[in-house]
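# A structural walkthrough
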Amino acid sequence: MDQEPLLHIEGLQKSFSGTTALSDACLTVYPGEVHALMGQNGAGKSTLIKTLTGIYTGDGGKIEFCGQPINFRSPYEAQRGGISTIYQEINLVGLRSVAENVFLGQEPTRFSALNRSRMDKEAKTLLARVGIDVDPRLPLARLSTAAQQMVAIARALSFRSKLVIMDEPTSSLHDREVDTLFEVIDNLRQDGVSVIFTSHKLDELYRICDKVTILRDGRTVRTSPMADISRIELVATMLGKDPRQIEASGQTAFERPKAPKPGVEPLLDVRRVSSGGLCRDAALSLHAGEVVGVAGLLGSGRSELAAAVYGMSAIDSGDMELSGTPYKPRSARDALKKRISLTPEDRKVSGLVGPMSISENITLSILDRISTFGVIRKNREEKIVAEMIDSLGVKSSGPQQPVNELSGGNQQKVLLARSLVLEPKILILDEPTRGVDVGAKAEIQRMISSMVANNRDRGVIMISSEMEEIIEGSNRIMIMRDGETVAFLDASTVTNGQLMLYMASGDTGADVSKTGDIR
Amino acid sequence: MERSERETQSRYAKLKTRERFRDFRTLIQGNSTVFMLSSVLVLLAVFMPRFFNPYNVSTMLGSQDLICIGLMAIGATFVISTGGIDLSLAGVCVASSIVAALLAPYGAWLSLFGAIGFGILIGAINGALVAWGRLPSFIVTLAMLMALRGLSLIMADRGRVPVDRDFGLVVFQNTKLGIVPLVFIVFAAIGIVSWFVYTRTRFGLHVLAVGGDEQASLMMGLRVPLVHFFVFSISGGLSGLAGVFLLAKTTTGNPLEAQGWELTAIAAVILGGTLLTGGKGTITGTLSGVALLALVFQVLNYVNGMGIEINTYLQNVIRGLFVLAVVVVQARAVLGSKKRRT
Amino acid sequence: MTQSTVTAPNAQGVSRQRSIRRLEFISRNGIWIALAALIAFNVVASNGFLSWQTLQTNLGQMSTVAICAVGMTFIIAKGGIDLSVGSQMAVAGAVSGAIITSWSGLTSVPVVGLIVVLTAAMLSAAVLGTANGFLVANLRVQPIVATLVVMITGRGLAQLMTSGRLYEITNSQVLNLGRGTILGLPTMAWVMVIVVVLATWMNRKTVFGRQVFAVGGNRIAAGLAGVPVRRVTYTVYMASAALAGLAAVLSVGVNGTVDTANLGLGYEFTVISAVVVGGTSLTGGKPRVLGTIGGVALLQLLSYTLASHNIATEISSLVQAGVILLAVASQLRRKS
Amino acid sequence: DGPNSASPTGAGSLPVLEQKDTYTIGFAAQQSDHPWTIALNDSLKQEAEARGHKFVMTDAQGSTAKQVSDVQSLIGQGVDVIVISPREEKPLAEVTLEAKAAGIPVFIVDRKLDESVAVPGEDYVAFIGSDFVAQGRAAGQWMAEQLDGSGKIIELYGTTGSSAADDRHKGFLEAIEGTNIEIVAAQDGDMIRDNGRKLMETLIQQYPDVDGVFAHNDEMMLGAITAMQAAGKKPGQEIVTVSVDGQKEAVQAIIDGTLGATAECNPRFGPKLMDAIEAYGSGQAVDPEQVNNDNFFDATNAPAELANAF
Ligand SMILES: Nc1ncnc2c1ncn2[C@@H]1O[C@H](COP(=O)(O)OP(=O)(O)OP(=O)(O)O)[C@@H](O)[C@H]1O
Ligand SMILES: Nc1ncnc2c1ncn2[C@@H]1O[C@H](COP(=O)(O)OP(=O)(O)OP(=O)(O)O)[C@@H](O)[C@H]1O
Ligand SMILES: [Mg+2]
Ligand SMILES: [Mg+2]
């Protein structure tokens, strides 16, 4: 390359008390380039990004941006310097409106007063560019995770920056939104804007990225044009293994569970349930020994249905039966007593207790099992936790590390561990592999399969926006659209395209132009 | 799974009406204190018309419960909206009143700006400790309250600092336009400016954003420390002005004055519907909350005189229960509006 | 840039690491270091400091605050706050005073009388605690507001009960509880020790302690994980109130009077300061009971030192404010 | 009529009080969270109601600004007479002028007003009160006698900055001036028993050989006595103790020998005040300055006076 690099990072170091997150990270990004940042969970990708943009102060190393050595001390400075960032955990203000979130920090004013009408109008155009249509005056918290993610992207676009950083923007997006996002990235590239992109989905990297930098244990191990590196090589470098050890297999590590015995009473029967206005007339049945995948577009009400089953939100109409007896949970505790467990999609707000340790988080739902007369048996707890950490491969400085210090993927594993130790009859998984690296994803998928395979009295409901996961991991697929159950399909025969059509229009053959109502 | 078009439409219509009803409710919720204030005023006008005699109205408009508490409450609204709390309000108020009294011999203007400047300085110290020292505001301002009580005693040489009755600032209190005291006009002007800043400027929006989610605001590139710094400075400055008006009312700087007023001011802010956790609030609500509390004080004094004896202990109980009632109504309303997810 | 070289962390990084570790040491042991420094100062500068009597005086004086602070630690860790401790004490004092004077026959029976008085005091305070719990857990009123209301109303009620007058307490058992000594240390101090030991144990070993931490760490997530958030909320407020009731009886005992206007007046802020100085986060999280006791001891020894050196109030309040700030600042773990 | 007496027709154009059988008396109290002030408030209320007057009380809860507003509220209500127990001399003097302008006669109890603003007999009818300086002086003189003019003493100060405390301190200093009595420590106990105890527990250790203790009120002294006893001292014998107020428990303590003496500060203004109001209403002359002849209780008269103590 004869061009001057836009960003040049060399020997970046950063450690937290106890853990070294970055020991020797290097990254060089040229103008107009889409650069992938790859690495296992906990490899240090987010830390690199946060250190670059001034959230963390680095311990050593040098950063040059536009040929100048720089040292941003706050995201404000980074933004002013021409870098706009979408961080991994969505960081927007839920109580404020969508438009305000888009423009926060660079609001249009007139005579030093906020120009709200202009703000709303421009926000609406920007949101349309990323393909979502919402009232910009709505409080942001009213949007689903995916829509919030799109708002964050719209926000990043609103800054005319030289470099846009996206830390796992697609983890909560559906294919269609991913397509929109990639169009947007393409446009950026054409405008000469560089993009740093992290994702655990290899397909996406190959589709959109020009180059890749692979981090392992806080150090850059390889940089290469995307075209020069094969999938196997990429994964092997990332995991630090020999390519020959990584055999090419299917997309996911699921082994499709055996079909349950026919004619048995369902474990869970949900009949025409409406809840919270977003889940209307949903129906679902789950048999013992089966995995039911729930597919749907952004905001189709899947999470809402899960919330209703888990007793989180009140049911307006309809009824549910659990092994033939009426089931009307009024709280999550009710559901847990019936041995129904849920791993929520939003791990930061409704999943983990941030300041608690890994161990304490894992055993939070089984406190009565590890205690006698309210006194916790430490050894029992340690044993359970050690097994779980081991089998899920949680990377940490020890079981006593607070979970908010873990990398995103490792947090997801801890969340999953909490449900698994419960040994629930019905396990509801809402986006179970969100933000998990390929290696760990396979482990998680294997665990889900084996849980059902080994315990034929249990069932799993798996909500996922990843087609492959749904198709390969479940027996049956339930499709939701606008809060309604529109179809049940047999997973062994359905194809990716069919599924897409059902989700979009409800019957095969109709056009797919209708956008999901994301409100 | 097919449903007729008609059925769908009627469902949507139902949802729409529910939505509209919710909008109306939101309107009342958003302004519940304003509504409550108006109804209390109407009730008083009907059942105690004599309460509104010009003298009474005039003194009420100039009373410390309205003016001093009001100024502190406006400041507290800014601080609370960022998710912080300012317990040093009354301390700043008293210390500033002594500063103003000490500066009185050098003229009214110096005294006025000296006191406000002192308030801003103290607020800025609070703000700096919170913003850059990353200390919890509860403890910073609590310590500041203690320190200010000590400082006030030192400045007043353990005594009191009287000022002349024809001192410029006292004139503030005594001048009236019709039955409206000048202090009230100044207070109203400050209320309007604050309302504008809070709802119509970038700064106001940043205040609410920081209160809504500090971490996110930081990551979105807001200068969070500066926001903290400024809200405390504003709060300090307004409390300083409250000190000036306190001096105008009592003509004496007294270190023992205004004990516990910070809690009254904070209670008023909360009555006004501002979330203590930050991110949501209104200035109009705060002002109505202040007016409501001031009215309750006055009414209790007044009812006392109508042959119904309410001794001061019972008054406290009633005050407490009144605040409770308002807060509970609000909490219910908020709960009703988002009965989702526990 | 295809292959990177492995470099050792440079010198700058290493020294940063070292200074971070030093900071952490200070932050973890801040109060104890401060306490040691204060003791050292007193040994040098105060008359007869190294005496049994010093220990007695300080332990006795800190015990009522410490007992309240233990309860407050759990409330704050749960993510709440309680401004009504002082009023709870006043109500408990008023009730126990009324019981002692009107049932003097029963209350002067050894042991039984004391149990009656203590139960009455703790229960009556717990009623206010229940009110707090109800407001916070059921009506979702924000804790500061809920307890502020209970603070105002509670003291009003206590004063209504006594019409503002003082009760002179002559019940020898109550007086003994406040003034007596066991093994050379004030009985009050022993009560404090028992409370602290129990609370530490609960915090470290029981499900309840874990649940308080979970609710304080993330209320929503805790609820979804099956933690009985409401029950935990009630429990911490009621337990803390009951402890305030206990402290009230001790205070009544040592002073021989029930003064509803002043009993527990201003305790809320002393107690909260001690808890925060002790390292429990005001935004909720892990309860640090021993830290709290360190905090109480620090504040106690500080005011002891200031008084015994005859420092004027105005200066004392400046010094105390400064020490509280410094202690909290040293507790703060740097975020990045 | 002497030049110093006020009458409805006299000098200074005082507002007239129309003669009625019963008056509506508005009383602006300064606080009601302390035994002494409670006794004062009760005395006024009981006496007024015993004589059939209507009694309206406001409570400033320790805030001067609120007391000013309270008086204004009483003016607004249109009571017949206003009685003020002023928290501060100057601000309340200003509002007294307002009452005068509104045609309502004012009586001041307990503490004086600033005479440069409002003059008794001209701007308000009468001052009926106690003399804090005299109380401090009496206590000081007694202390000086007991210690034979030399010794080290501890002073338990009332609320720093309050006039009751400052005046008692002033009077006490006047009385011990010229003697060899030295105040080795003066700490603020806020007039609260618990604080008196805690301070004494601490100070007795720093100054184990102290000769006397002077407390600005009985409550603090009662706390201090417990502390001295706990430290193995004999208050009243080894350590000379004197305080101010004369509340029942303190008089009892004198009988018990733990307290040496207390300078009375009688809160029972009711009868005197009501006499004055009624006299004024019926057009008689009222002495504009009536200072209570406060008693001094020591071992000689305590048993006899116990029944009268508040
Ligand atoms: N605030 C913190 N305190 C302590 N350790 C931390 C903190 N943040 C990150 N770490 C540690 O630093 C390492 C790198 O984490 P980072 O979040 O950068 O990983 P990542 O590559 O982004 O992983 P993921 O793909 O899961 O998002 C992890 O081991 C993590 O535990
Ligand atoms: N906490 C909330 N408060 C109000 N509305 C919400 C909340 N969470 C979600 N919603 C709304 O509910 C709609 C349906 O969301 P839900 O999460 O059930 O959809 P989903 O099918 O799971 O889609 P996604 O892929 O976005 O998770 C969302 O579009 C959002 O507007
Ligand atoms: Mg990451
Ligand atoms: Mg979802």
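Quick summary incoming for the structure in this document. (Residues numbered from 1 in each chain as written. Chains lettered and ligands numbered in written order. Predicted model: local features only at pLDDT ≥ 70, side-chain atom pairs only at ≥ 80, totals over all residues. Heavy atoms only, no water.)

### Looking at the overall build of chain C
Using the following cut-off: Secondary structure elements are defined from DSSP: runs of H or I of at least 4 residues count as helices, runs of E of at least 2 residues count as strands, and each element is numbered from the N terminus. In this setup the radius of gyration rests on C-alpha atoms only. A globule is expected at 2.2 Å times the number of residues raised to 0.38. Exposed residues in this analysis have more than 50% of their type's maximum accessible area, buried residues have under 20%, and partly exposed residues fall in between, with area computed by a 1.4 Å probe over protein chains only. Contacts were defined at the residue level, with two residues in contact if any of their heavy atoms lie within 4.5 Å. Residues counted as positive are Lys and Arg, residues counted as negative are Asp and Glu, and His and the chain ends are not counted. Note that the charge is assigned to NZ on lysines, CZ on arginines, CG on aspartates and CD on glutamates.
What chain C contains, in helices and strands, is 14 helices and four strands. Relative to the 2.2 N^0.38 estimate, which gives 20 Å for 336 residues, the radius of gyration of chain C is 22 Å and therefore close to what a compact globule would have. Expressed along its principal axes, the backbone C-alpha trace of chain C runs to roughly 90 × 55 × 35 Å. Counting across all 336 residues of chain C, residues that qualify as buried make up 62%. Put simply, 80% of the contacts in chain C that link residues at least 6 apart link residues at least 24 apart. Of the charged side chains in chain C, 21 are positive and 6 negative, and the gap between their average positions amounts to 21 Å.

### Regarding the pattern of salt bridges
Residues and elements named next belong to chain A. Inclusion rule: For this document, the term salt bridge refers to a Lys or Arg side-chain nitrogen within 4 Å of an Asp or Glu carboxyl oxygen.
Considering all chains together, one arrives at 43 salt bridges over all chains under this definition. Between Glu 233 and Arg 222 there is a salt bridge, and its shortest N-O distance comes to 3.0 Å. Pair noted here: Glu 233 is in helix α8 (residues 231-239) and Arg 222 is in strand β12 (residues 219-225), with a separation of 11 residues, a long-range link. Take Glu 233: its relative accessible area is 28%, and that puts it in the partly exposed class. For Arg 271, the salt bridge goes to Glu 321, with nearest N and O atoms at 3.0 Å. Residue Arg 271 is located in strand β13 (residues 268-275), and its partner Glu 321 is located in strand β16 (residues 317-322); the two are separated by 50 residues in the primary sequence. Assessed through its relative accessible area of 23%, Glu 321 is described here as partly exposed. Here the salt bridges do not stand alone but share partners, grouping Asp 269, Arg 271, Asp 319 and Glu 321 into one network.

### Focus on the coordination of the magnesium ion (ligand 3)
Residues and elements named next belong to chain A. What counts is decided by this rule: Sites may look incomplete, because water is not among the atoms used; the donor set itself consists of N, O and S atoms within 2.8 Å of the metal (3.2 Å for Na, K and Ca).
On the protein side, the magnesium ion (ligand 3) has Ser 46 (OG) and Gln 88 (OE1) as donor atoms, found 1.9 to 2.1 Å from it. Of this pair, Ser 46 sits in helix α1 (residues 45-52) while Gln 88 sits in the loop between β6 (83-86) and α3 (98-103), and the two are 42 residues apart along the sequence. Grouping residues by exposure puts Ser 46 and Gln 88 together as buried.

### Some points on the interface of chain B and chain C
Applied cut-off: Buried area is understood as the total, over both parts, of accessible area removed when two parts are fitted together, assessed with a 1.4 Å probe. Pairs of N or O atoms within 3.5 Å make up the polar contacts considered here, provided that, within protein, one atom can donate a hydrogen while the other can accept it, and that residues adjacent in sequence are counted only when both atoms are side-chain atoms.
Tallying the contact residues gives 42 residues for chain B and 41 residues for chain C. Taking both sides of the interface into account, the surface hidden between chain B and chain C amounts to around 3600 Å²; carbon and sulfur atoms contribute 79%. Joining chain B to chain C, the criterion identifies one salt bridge. Our enumeration of links across chain B and chain C arrives at three residue pairs in polar contact (both at pLDDT 80 or more). Among the elements of the structure, α7 (137-155), α13 (261-271) and α15 (312-337) of chain B are those that each provide at least two residues to the side of chain B that touches chain C. Take the side of chain B that touches chain C: its biggest share by element is 14 residues, from α15 of chain B.

### A closer look at the interface of chain A and chain C
Tallying the contact residues gives 44 residues for chain A and 38 residues for chain C. Between chain A and chain C we count three salt bridges in total. Salt-bridge contacts for Glu 360 of chain A lead to Arg 210 of chain C; the nearest nitrogen and oxygen are separated by 3.5 Å. Along the contact surface separating chain A from chain C lie nine residue pairs in polar contact (both at pLDDT 80 or more). Counting residues per element, the ones that place at least two in the side of chain A that touches chain C are β1 (7-15), β2 (20-29), β4 (60-65), β12, α10 (332-337), α11 (347-351), β20 (375-376) and α13 (378-392) of chain A. Considering each element in turn, the side of chain A that touches chain C owes the most residues, five residues, to β12 of chain A.

### Some points on the sheet that holds strand β1 (residues 24-29) of chain D
All names here are of chain D. Basically, it comes down to this: At least two DSSP bridges between two strands are required for those strands to pair. Orientation is described by lines fitted to C-alpha atoms, with helices fitted over the stretch in contact, and by angles between N-to-C directions that extend from 0 to 180 degrees.
With parallel pairing, six strands are arranged side by side in an open sheet as β2-β1-β3-β4-β5-β11. Strands with a single pairing partner mark the edges of an open sheet, and in this sheet they are β2 (54-59) and β11 (289-291). Within the sheet, the average angular offset between the axes of one strand and its neighbour, ignoring direction, is 15 degrees.

### Remarks on the packing of helix α13 (residues 289-308) of chain C against helix α6 (residues 193-206) of chain D
To be explicit about the condition: By definition in this entry, angles of less than 35 degrees are roughly parallel, angles greater than 145 are roughly antiparallel, angles of 65 to 115 are roughly perpendicular, and the rest are oblique. Two helices cross in a left-handed way if the nearer one is turned anticlockwise from the farther one by less than a right angle. They cross in a right-handed way if the turn is clockwise.
Here α13 of chain C crosses α6 of chain D at 55 degrees, and the two axes come no closer than 9 Å. Considering their axes alone, α13 of chain C and α6 of chain D lie oblique with respect to each other. Here α13 of chain C and α6 of chain D pass one another in a crossing that is right-handed. Residues Tyr 304, Ala 307 and Ser 308 of chain C of α13 of chain C form the contact with α6 of chain D, whose participating residues are Leu 199, Thr 202, Leu 203, Gln 205 and Gln 206 of chain D.

### Focus on the site of ligand 1
All names here are of chain A. What counts here: Throughout, near means a residue has at least one heavy atom within 4 Å of the molecule or strand. Areas reported as accessible are Shrake-Rupley estimates using a 1.4 Å probe. Residue values count occlusion only from the protein chains shown.
Every one of the 22 residues lining ligand 1 counts as a neighbour, but Asn 41, Lys 45, Ser 46, Thr 47 and Gly 409 are closest to it. A distance of 2.6 Å is found between an oxygen atom of ligand 1 and a side-chain nitrogen or oxygen belonging to Ser 46. Within the side chain of Ser 407, one N or O atom sits 3.0 Å away from an oxygen atom of ligand 1. Considered on its own, ligand 1 offers 640 Å² of accessible surface; in the complex 93% of this is hidden by protein. The set of elements that each furnish at least two residues to the shell around ligand 1 consists of α1 and α14 (408-421).

### As for the packing of aromatic side chains
Residues and elements named next belong to chain B. Applicable threshold: Pairing of aromatic side chains requires ring centres within 6.5 Å, counting the rings of Phe and Tyr and the six-membered ring of Trp. Pairs whose planes differ by under 30 degrees are stacked, by over 60 edge-to-face, and all others tilted.
For the structure shown, the criterion picks out 18 aromatic pairs over all chains. Measuring from centroid to centroid gives 5.5 Å for Phe 51 and Phe 52, while their planes differ by 90 degrees, and the two rings are edge-to-face. Judged by its relative accessible area of 1%, Phe 51 is buried. Taken together, the ring pairs in this structure connect Phe 78, Trp 132, Tyr 198, Phe 203, Phe 229 and Phe 230 into an aromatic cluster.

### Let's talk about the coordination of the magnesium ion (ligand 4)
For a metal bound by four donors in tetrahedral geometry, the ideal donor-metal-donor angle is 109.5 degrees, whereas six donors in octahedral geometry ideally sit at 90 or 180 degrees. Looking at the magnesium ion (ligand 4), the protein donor atoms are Ser 303 of chain A (OG), Glu 345 of chain A (OE) and Glu 345 of chain A (OE), and they sit 1.9 to 2.7 Å from it. Here the residue Ser 303 of chain A occupies a position in helix α9 (residues 302-309), and Glu 345 of chain A occupies one in the loop between β18 (340-343) and α11, the gap between them amounting to 42 residues.

### Here's the deal with the nonpolar core
Selection criterion: Here, nonpolar core refers to any group of buried Ala, Val, Leu, Ile, Met, Phe, Trp, Tyr and Cys residues whose side-chain atoms link them within 4.5 Å.
With 336 residues, the main nonpolar core has Phe 197 of chain A together with Phe 138 of chain B as its most contacted residues. Broken down by element, this core gets its largest block of residues, 14 residues, from helix α11 (residues 229-255) of chain C. Setting aside residues up to four positions removed in sequence, Phe 138 of chain B forms contacts with Ile 85 and Leu 87 of chain B together with Ile 81, Ile 144, Phe 269, Ile 272 and Leu 282 of chain C. Among the nonpolar cores identified, the runner-up in size contains 77 residues, and Leu 199, Val 210, Ala 215 and Ala 261 of chain D belong to it.

### A closer look at the sheet that holds strand β14 (residues 279-286) of chain A
Residues and elements named next belong to chain A. One open sheet accounts for four strands, arranged β14-β13-β16-β17; its pairing is antiparallel. Every interior strand has two partners, whereas the edge strands, β14 and β17 (325-327), have only one. The mean angle between the axes of side-by-side strands here comes to 25 degrees, regardless of whether they run parallel or antiparallel. Sheet topology note: the β16/β17 ladder contains three bridges and is antiparallel. Opposite Met 320, over in β17, you have Tyr 327 as the bridge partner.

### Comments concerning the environment of Glu 10 of chain A
Residues and elements named next belong to chain A. Relative to the elements of secondary structure, Glu 10 occurs in strand β1. Distance from Glu 10 to Gly 61, taken between C-alpha atoms, is 5.8 Å for residues 51 residues apart in sequence. A distance of 2.8 Å separates the side chain of Glu 10 from the side chain of His 8, its partner in a polar contact.

### Looking at a positive patch on the surface
Formally: Patches here: salt-bridge-free residues with over 30% relative accessible area, like charges joined within 9 Å, nonpolar side chains (Val, Leu, Ile, Met, Phe, Trp, Tyr) joined within 5 Å.
Together, Arg 330, Lys 337 and Lys 338 of chain A together with Arg 231 of chain C give the surface a local cluster of positive charge. Structurally, Arg 231 of chain C is set in helix α11. Relative accessible area serves as the criterion here: at 51%, Arg 231 of chain C is assigned to the exposed category.

### Section: the pairing of strand β10 (residues 261-264) of chain D
All names here are of chain D. This is how it is decided: When the strands point away from the viewer, a crossover counts as right-handed if the path from the first strand over the helix to the second runs clockwise.
Residues of β10 alternate between two faces, with Ala 261 and Ala 263 on one and Thr 262 and Glu 264 on the opposite face, all of them buried. Considered for its hand, the β-α-β crossover made up of strand β9 (residues 240-245), helix α8 (residues 248-256) and β10 is right-handed. Sheet topology places β10 next to strand β12 (residues 296-298); three bridges connect them, and they run antiparallel. Considered in β12, the bridge of Thr 262 is made with Phe 297.

### A few points about the state of the cysteines
Quick reminder of the rule: Disulfides are defined as cysteine sulfur pairs within 2.5 Å.
Counted according to the given criterion, the structure contains zero disulfides over all chains. Note on Cys 209 of chain A: no disulfide assigned, nearest cysteine sulfur contributed by Cys 26 of chain A at a separation of 19 Å. The class for Cys 209 of chain A is buried, based on a relative accessible area of 7%. With no disulfide of its own, Cys 93 of chain B has Cys 68 of chain B as its nearest cysteine by sulfur position, at a separation of 5.2 Å. Judged by its relative accessible area of 0%, Cys 93 of chain B is buried.

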